[in-house]
Amino acid sequence: MPPAIACVDLVRRFGTFTAVDRITLQAHVGSVFGFLGPNGSGKSTTIRMLCGLLAPTSGQAIVDGIDVARDPESVKRRIGYMSQKFSLYEDLTVRENLEFYGGIYGIGRRGRRARIDETLERTDLTDNPDTLVRELSVGVRQRLALGGALLHRPRILFLDEPTSGVDPISRRRFWSLIHELTAEGATILVTTHYMDEAEQCDRIALIRSGKLVADGSPADLKRELMPWPILSIDCANPFEALDIIARTPGVRDAALYGVHIHAVVEDTAVADALRTALEASGHAVYRIEGVAATLEDVFVAAAEGDADA
Ligand SMILES: Nc1ncnc2c1ncn2[C@@H]1O[C@H](COP(=O)(O)OP(=O)(O)OP(=O)(O)O)[C@@H](O)[C@H]1O
Ligand SMILES: [Mg+2]
């Protein structure tokens, strides 16, 4: 089966600046593809080319087997797109917003009502169809924006940071919807800055400065990009301790990880030297233990350029 979404050497320049630099990737039918990278790395620009909203400078964006640049209109009919700054009408109700999307997608009046009811059901909005959007919480708005993108029953969805600014319970709810949709055969490309969401993707592409840095399942990325052991360190004044840890021989990298410090080390035996160095500088050490790499460790390493080595 051909991939649902593909980029082949995709490039987009704005003047002399290259926002997307020869990206090649594939998302398989029925999968969740996570598109990750720091702010300004080119995620939204890539998505806009895949949705037919922005022409590539060179290379190809292919969706459902169609070269987007050749036939953007037929691509638009097959996809749902939730933009990073999704647009809802604040002074209209939930149902009226969906009516509006129904009009845009050319869903006839007779079919529209049933389609809207189905969408309300699907996105868990049956409790508040007549509430004005401006009275809704961010989490509910986000589900409504997804509803707008789903109304014409697309098989391929592009969700650009759909859960930014949403509380953990709403994010969880949103992701269970994502899994429901892919279980039915939809393909979803989603961008996120949340690592717990990245863990839930079948495949992840990591980009930096417009270039693909890594591509694979979360387990692949951890194996390939984080071959070194990690020590989790719990000590007094972690912010100051970070510097001491980073300077200890055998430590490749150290970063704050919540209230702990994660040190990427050449060997777990470095733990003894770390304890000595910290205690010598007056930092009480509560705990040092080996931990499994998380995607966050991988991304911190990749963002600092280690992945290019
Ligand atoms: N129309 C444009 N004209 C000029 N530069 C642009 C344009 N659109 C995007 N850029 C630049 O291209 C780069 C990539 O932007 P893009 O929005 O794709 O990043 P992103 O990965 O989606 O970032 P974020 O995580 O902040 O959403 C940025 O430096 C941005 O300023
Ligand atoms: Mg973006």
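In short, a report on the structure. These numbers come from a predicted model, not from an experiment. (Residues numbered from 1 in each chain as written. Chains lettered and ligands numbered in written order. Predicted model: local features only at pLDDT ≥ 70, side-chain atom pairs only at ≥ 80, totals over all residues. Heavy atoms only, no water.)

1. Details of the site of ligand 1
For step 1, the next point in the chain: Taken together, 14 residues surround ligand 1, and among them G40, K43, S44, T45 and Q84 come closest.
For step 2, the next point in the chain: At 3.0 Å, a backbone N or O of G42 approaches an oxygen atom of ligand 1.
For step 3, the next point in the chain: A distance of 3.4 Å separates an oxygen atom of ligand 1 from a polar atom in the side chain of E161.
For step 4, the next point in the chain: Every element with two or more residues in the shell around ligand 1 is listed here: β2 (17-27) and α1 (43-50).
For step 5, the next point in the chain: The leading source of residues in the shell around ligand 1 is α1, at three residues.
For step 6, the next point in the chain: A class-by-class count of the residues in the shell around ligand 1 yields four nonpolar, eight polar and two charged. (Near = heavy atom within 4 Å. Polar contact = N/O pair within 3.5 Å; in protein donor to acceptor, adjacent residues only side chain to side chain. Helix = DSSP H or I, 4+ residues; strand = E, 2+ residues; numbered from the N terminus. Nonpolar A, V, L, I, M, F, W, Y, C, P; charged D, E, K, R; others polar.)

2. Quick notes on the coordination of the magnesium ion (ligand 2)
For step 1, the next point in the chain: For the magnesium ion (ligand 2), the protein coordination sphere consists of S44 (OG) and Q84 (OE1), at 2.0 to 2.2 Å. One end of the pair, S44, is in helix α1; the other, Q84, is in the loop between β6 (79-82) and α3 (94-104), with 40 residues separating them in the sequence.
For step 2, the next point in the chain: What makes Q84 partly exposed here is its relative accessible area of 32%. (Donors = N, O, S within 2.8 Å, 3.2 Å for Na, K, Ca; no water. Buried < 20%, exposed > 50% of the residue type's maximum accessible area, 1.4 Å probe, protein only.)

3. Description of unusual backbone geometry
For step 1, the next point in the chain: The phi torsion at D64 lies on the positive side, around 55 degrees, for a residue other than glycine.
For step 2, the next point in the chain: Residue R153 is not a glycine yet carries a positive backbone phi of 55 degrees.
For step 3, the next point in the chain: For R153, the location among the structural elements is in the loop between α5 (138-150) and β7 (156-160).

4. With respect to the sheet that holds β2
For step 1, the next point in the chain: One open sheet accounts for four strands, arranged β2-β1-β4-β5; its pairing is antiparallel. With one partner strand each, in any of the chains shown, β2 and β5 (66-67) form the two edges of the open sheet.
For step 2, the next point in the chain: Against the sheet, α1 makes contact with β1 (5-14), β2 and β4 (58-63), and its axis sits at roughly 115 degrees relative to β1, the strand it touches most. (Pairing = 2+ DSSP bridges. Contact = heavy atoms within 4.5 Å. Axes fitted to C-alpha atoms, helices over the stretch in contact; angles between N-to-C directions.)

5. Some thoughts on the nonpolar core
For step 1, the next point in the chain: Counting residues in each nonpolar core, the largest one holds 46 residues, and the members touching the most others are L144, L159, I204 and F299.
For step 2, the next point in the chain: With six residues, the single largest contributor to this core is α5.
For step 3, the next point in the chain: If we ignore the near neighbours within four places in the chain, the residues touching I204 are G34, L36, A198, A214, D215, G216, P218, L221, L295 and F299.
For step 4, the next point in the chain: By size, the runner-up hydrophobic cluster in this structure holds 26 residues, among which are A4, F33, L50 and L189. (Core = buried A, V, L, I, M, F, W, Y, C linked by side-chain atoms within 4.5 Å.)

6. Observations concerning the packing of aromatic side chains
For step 1, the next point in the chain: Counted by the stated rule, this structure contains three aromatic pairs.
For step 2, the next point in the chain: Arranged with centres 6.1 Å apart and planes meeting at 75 degrees, the rings of F100 and Y101 form a pair that is edge-to-face.
For step 3, the next point in the chain: Taking the relative accessible area as the measure of exposure, F100 reaches 35% and is therefore partly exposed.
For step 4, the next point in the chain: A ring pair is formed by Y101 and Y105, whose centres lie 6.5 Å apart and whose planes are at 20 degrees; its orientation type is stacked.
For step 5, the next point in the chain: Residue class for Y101 comes out buried when judged on its relative accessible area of 14%.
For step 6, the next point in the chain: Taking the relative accessible area as the measure of exposure, Y105 reaches 28% and is therefore partly exposed.
For step 7, the next point in the chain: Here the guanidinium or amino end of R171 rests over the ring plane of Y194, the centre of that ring lying 3.7 Å away. (Phe/Tyr/Trp six-rings, centres within 6.5 Å; stacked < 30°, edge-to-face > 60°. Lys NZ or Arg CZ within 6 Å of the ring centre and 35° of its normal.)

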